[in-house]
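This is what each chain is made of:
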Amino acid sequence: MKEPLLKVEDLSISFTTSQGPVSAVSSATFQVNAAETVCIVGESGSGKSVTSLSIMGLLSKTGKIDKGEIVFKGDKLLKKTKKQMQHIRGNDIAMIFQEPMTSLNPVYTVGDQISEGLRFHRDITKTEAMHQAIELLKMVGIPSPEIRVHEYPHQLSGGMRQRVMIAMALACSPELLIADEPTTALDVTIQAQVLELMKKLKEELGMAILLITHDLGVVADMADRVVVMYAGIVVEEASVWEIFEKPFHPYTLGLLDSMPTIESSGERLRTIKGVIPSPLDFPKGCRFHPRCPFATDQCLHSEPVLENVGNGRRVACWHYQTLQNREVI
Ligand code: ADP
Ligand code: MG
């Protein structure tokens, strides 16, 4: 079997806070194959961003990897030096964020920023880099790229800034693009355009995408495979078809039930009762049990492990068979 492009294995991450250490991610395991789109989905606070930052080697100083491995093309990333990671970032793995202004520097032109990235990784002249920057802007659908290349980020709309960030990320043709809620801050029409652009570029460039989102609509539109996270734990992993046809984890079912559909528009949506627990106060047993309609005594005391249930499908729930055997109409 072909080696996956990215393997995250048994990854645990914690933060030092004034209230003591808090666990943000516990024993997360998943992989991304070449040219595949994997979506990590889960409510806010489930550990999606922290996981992606740790892959990039960009965890903040108070964060710590307690255990696990991150393996990219057979190479252990956690063993790399700062310098080696700088080389990998942008060149092999690139990342885009929800808010482009956090990655774009307001005092440099769009062209300067794209070419700076190019020249860090490639031995090319300023003129060549500027020329490539224009090509990249064209590729991401920015009109009049020859003019826009000389503009500053504040002169662009939110959607255009997000396109510039994608252009920057793709400058060195990374094999993996990590996108953390890349369209959450955009209005619906622009969001659809940016997602469409990502799909098109993925086809053209053959890269893999690890797309982080809390929005199942985005998952349906983009994913090949889905990793569902809850309170720092991977609770389910399956193909996008399996997830939407028949989720095995009650949390995934809850997420699907609270998704707006054409039929439900106007009605009140069913939401999962309760809120995601704070890492300072994770419940014993299954972390989802206080919100779970299927919970039994076993769930209160004993934490389910992520079990392989066949076909590359995995779920961490004592009662997944109840959902598996359910009639789906
Ligand atoms: P998501 O992206 O799924 O919304 P995050 O990965 O941002 O969630 O956060 C996961 C958990 O880690 C949360 O409980 C959050 O409060 C905690 N966390 C994230 N960053 C820090 C930090 N710098 N210091 C302390 N806790 C943090
Ligand atoms: Mg996040």
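Structural notes, computed from the coordinates. Only a predicted model underlies this, so the values are computations on that prediction, with no experimental measurement involved.

**Structural notes on the sheet that holds strand 6 (residues 93-96)**
Reasoning step 1: In spatial order, the strands read 6-7-8-3-9-10-12-11; together these eight strands make up an open sheet with mixed pairing. Unpaired on one side and paired on the other, strand 6 and strand 11 (307-308) mark the two borders of the sheet.
Reasoning step 2: With two bridges connecting them, strand 11 and strand 12 (residues 314-315) associate as antiparallel partners. Residue pairing for strand 12: N308 is matched across the bridge by R314.
Reasoning step 3: Running at roughly 170 degrees to strand 6, helix 6 (residues 158-170) makes contact with strand 6 and strand 7 (176-180) of the sheet.

**A short note on the pairing of strand 1 (residues 6-17)**
Reasoning step 1: The pairing of strand 1 with strand 4 (residues 63-72) spans eight bridges and is classified as antiparallel. Counted as the bridge partner of V8 is I70 from strand 4.
Reasoning step 2: Note: strand 1 against strand 2 (residues 20-32), nine bridges, orientation antiparallel. Pairing of T17 across the sheet is with G20, part of strand 2.

**What to know about the nonpolar core**
Generally speaking, soluble globular proteins have nonpolar side chains that are buried together.
Reasoning step 1: Among the nonpolar cores identified, the biggest contains 63 residues, and I114, I166, L177 and M198 are the most heavily contacted of them.
Reasoning step 2: Counting residues per element, this core draws most heavily on helix 6, which supplies seven residues.
Reasoning step 3: For L177, the contacting residues outside a window of four places in its chain are A94, M95, I96, A169, L170, M198, M207, A208, I209 and L210.
Reasoning step 4: Judged by nonpolar contacts, the second largest core, of 32 residues, contains A24, V25, L77 and I88.

**Considering the site of ligand 1**
Reasoning step 1: G45, G47, K48, S49 and V50 are the nearest of the 14 residues found near ligand 1.
Reasoning step 2: Contact between ligand 1 and G45: an oxygen atom at 2.7 Å from a main-chain N or O atom of the residue.
Reasoning step 3: Within the side chain of S49, an N or O atom sits 2.8 Å from an oxygen atom of ligand 1.
Reasoning step 4: Considering ligand 1 on its own, with 560 Å² of exposed area, one finds that the protein chains cover 67% of that surface.
Reasoning step 5: At the level of secondary structure, the elements contributing two or more residues to the shell around ligand 1 comprise strand 1 and helix 1 (48-56).
Reasoning step 6: Per-element accounting of the shell around ligand 1 gives the leading share, three residues, to helix 1.
Reasoning step 7: Grouping the constituent residues of the shell around ligand 1 by class yields four nonpolar, eight polar and two charged.

**Some details on the pattern of salt bridges**
Reasoning step 1: The full count for this structure, using the stated rule, is 18 salt bridges.
Reasoning step 2: E36 is paired through a salt bridge with R225; the nearest N and O atoms lie 2.9 Å apart. On the criterion of sequence distance, the pair formed by E36 in the loop between strand 2 and strand 3 (37-41) and R225 in strand 9 (residues 225-230) is long-range, its members being 189 residues apart.
Reasoning step 3: E151 is the salt-bridge partner of R148, the closest N and O atoms lying 2.7 Å from each other.
Reasoning step 4: Shared partners join several salt bridges into a network, and the residues in it are E36, R225, E237 and R314.

Reading guide: rules and limits
- Residues numbered from 1 in each chain as written.
- Chains lettered and ligands numbered in written order.
- Predicted model: local features only at pLDDT ≥ 70, side-chain atom pairs only at ≥ 80, totals over all residues.
- Heavy atoms only, no water.
- Pairing = 2+ DSSP bridges.
- Helix = DSSP H or I, 4+ residues; strand = E, 2+ residues; numbered from the N terminus.
- Contact = heavy atoms within 4.5 Å.
- Axes fitted to C-alpha atoms, helices over the stretch in contact; angles between N-to-C directions.
- Core = buried A, V, L, I, M, F, W, Y, C linked by side-chain atoms within 4.5 Å.
- Buried < 20%, exposed > 50% of the residue type's maximum accessible area, 1.4 Å probe, protein only.
- Near = heavy atom within 4 Å.
- Polar contact = N/O pair within 3.5 Å; in protein donor to acceptor, adjacent residues only side chain to side chain.
- Areas by Shrake-Rupley, 256 points an atom, 1.4 Å probe, with all protein chains shown as cover.
- Nonpolar A, V, L, I, M, F, W, Y, C, P; charged D, E, K, R; others polar.
- Salt bridge = Lys/Arg side-chain N within 4 Å of Asp/Glu carboxyl O.

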